[in-house]
Amino acid sequence: MAYKTGTAQNERDLLDILNKFLTTDPMLVANGQAWTVLFDRKITATATEVERRQIMWKSTGTGVEQVIYIGAETINNIAKDTYNINFYGGTFFNEQMATNPLFINGIVNCSPGVALCTSGRDFAYHIVADGRHFKILAVIEKVCCTAYCGFILPNVPPTEYPYPLCIAGSAEAGLTRFSESSDDISSIAAARKKNCWLLTPDQSWRDFGYSGYVSGKNADSKQQGIHPIYSNSVATKDILSKLAAINNNYPLTQVELYSTPNSSQGANRWGAMDGIYWLPGIGTLSLDKIKTKDGRKLIVFNDAYRVTTISYFAMEIE
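For clarity, every value in this text was computed on a predicted model and none was experimentally measured.

Visitor: Now, about the overall build of the chain: what can you tell me, with residues and values included?
Guide: For the chain, the helix and strand inventory stands at three helices and 22 strands. Taking 20 Å as the expected radius of gyration for a compact globule of 318 residues, we find that the chain reaches 18 Å, a close match to that expectation. If you line up the chain on its principal axes, its C-alpha atoms span 50 × 45 × 40 Å. Sequence separation of at least 24 residues holds for 57% of the intrachain contacts in the chain that already meet a minimum separation of 6. Of the roughly 13,000 Å² of accessible surface on the chain, a fraction of 51% belongs to carbon and sulfur atoms. Here the chain contributes 29 positive and 30 negative side-chain charges, whose respective centroids are spaced 3 Å apart.

Okay, here's the thing in structure tokens:
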């Protein structure tokens, strides 16, 4: 996987950085995993909004002869001092249908949108990508905002699950500000309000959450969880809250999407987010860099503004 970190000046700058990274990074190019721009449009500033940008990419570097389609658009409100990037996914893109300003009309089987909450001022970022997915960590005033766009790692062969596309972010698409301190903002690994979506084999977009009490799209949403944080059991949460690293060795648990036996699709382990892990929060700080015994490097982040002992995760960066 390719990795880039630095400082973005605002949401438009971050989208530009992401676009250049996906399309020109030397490692992605050398591995045949560079993404292709299908559509790129700017929307003129108004009295209430700064200039906006919309981009549509495709990736053919999946290794399974499938093409991934991901779209992104900046969104802002000057009066609310809110500057975000919305992400969408689908199975095809028809530019002729991408009306102004609704470019998502051109996305076939378009997912519900998710937002990466950012800022109109400088903030740090970390981006990781390959031909199957990309993920972003943005840090604004100690708030960690995250996005995951692309394939997860399914538990079955591609013949059984050929298009495991996941679109996850900090919030539901829109103008949720990074400083929000409610369930309106969370993370890709502990989604709380329609901000983690998976295209399942029946071609339906299903949302996944951190517990059975989340505000989801439909009744089935309460039966679709994010492991290991998903649980309605006080005992399970209590066990997780007491785990700790030993001699700087972290028990990493892959963040996995699954449905319970009460789901309309029955009990299923759909797959894991590539390079995203839960880890104990005792003795852990956001933005810590850790290394596994096999040499993998990860950066720690927390669930938006939350800093409980079960609110920490890690993103593999090398």
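Visitor: Now, about the pattern of salt bridges: what can you tell me, with residues and values included?
Guide: Scanning the entire structure with this criterion turns up 17 salt bridges. With a closest N to O distance of 2.9 Å, Arg269 and Glu256 form a salt bridge. Residue Arg269 is found in strand S19 (residues 268-278), and its partner Glu256 is found in strand S18 (residues 253-259); the two are separated by 13 residues along the sequence. Residue classification places Arg269 among the exposed positions, given a relative accessible area of 58%. Residue Glu256 is classed as buried on the basis of its relative accessible area of 8%.

Visitor: Go over the nonpolar core, please, and point to the residues and values.
Guide: Formed by 51 residues in total, the largest nonpolar core has its most connected members in Leu18, Trp57, Ile70, Phe87, Phe134 and Leu165. With six residues, the single largest contributor to this core is helix H1 (residues 11-24). Phe134 has contacts with Leu18, Leu22, Trp35, Trp57, Ile70, Phe87, Val128, Ala129, Ala147, Tyr148 and Cys149, leaving out every residue within four places of it along the chain.

Visitor: Describe the sheet that holds strand S5 (residues 82-90), with residues and values.
Guide: Spatially, six strands are ordered S2-S3-S4-S5-S8-S14 in an open sheet, and the strand pairing comes out antiparallel. Looking at which strands have only one partner, the edges of the open sheet turn out to be strand S2 (36-43) and strand S14 (171-172). Across the face of the sheet, H1 comes into contact with S2, strand S3 (52-59), strand S4 (68-77), S5 and strand S8 (114-117) while running at roughly 20° to S3.

Visitor: Please set out the side chain of Glu316 residue by residue, giving values where relevant.
Guide: Secondary-structure assignment places Glu316 in strand S22 (residues 312-316). Discounting chain neighbours no more than four positions away, the residues touching Glu316 are Met1, Val128, Lys135, Gly275, Tyr277, Arg296, Lys297 and Leu298.

Visitor: So what's going on with the sheet that holds strand S15 (residues 196-199)? Which residues, and what values?
Guide: Sheet architecture is open: seven strands sit in the order S1-S9-S10-S11-S13-S15-S16, paired in antiparallel fashion. Of all the strands in the sheet, just strand S1 (2-8) and strand S16 (205-207) have a single pairing partner and so form its edges. Across the sheet, the mean angle separating the axes of adjacent strands is 15° when strand polarity is ignored. Two strands pair when backbone bridges link them, and strand S10 (residues 133-140) and strand S11 (residues 143-151) are joined in this way by eight bridges, in the antiparallel orientation. Bridge pairing in S11 places His133 opposite Gly150. Contacts between H1 and the sheet are confined to S1, strand S9 (123-129) and S10, with S9 contributing the most and set at about 25° to the helix.

Conventions adopted
- Residues numbered from 1 in each chain as written.
- Predicted model: local features only at pLDDT ≥ 70, side-chain atom pairs only at ≥ 80, totals over all residues.
- Heavy atoms only, no water.
- Helix = DSSP H or I, 4+ residues; strand = E, 2+ residues; numbered from the N terminus.
- Rg over C-alpha atoms; globule rule 2.2 N^0.38 Å.
- Contact = heavy atoms within 4.5 Å.
- Areas by Shrake-Rupley, 256 points an atom, 1.4 Å probe, with all protein chains shown as cover.
- Lys, Arg positive; Asp, Glu negative; His and termini not counted.
- Charge placed at Lys NZ, Arg CZ, Asp CG, Glu CD.
- Salt bridge = Lys/Arg side-chain N within 4 Å of Asp/Glu carboxyl O.
- Buried < 20%, exposed > 50% of the residue type's maximum accessible area, 1.4 Å probe, protein only.
- Core = buried A, V, L, I, M, F, W, Y, C linked by side-chain atoms within 4.5 Å.
- Pairing = 2+ DSSP bridges.
- Axes fitted to C-alpha atoms, helices over the stretch in contact; angles between N-to-C directions.

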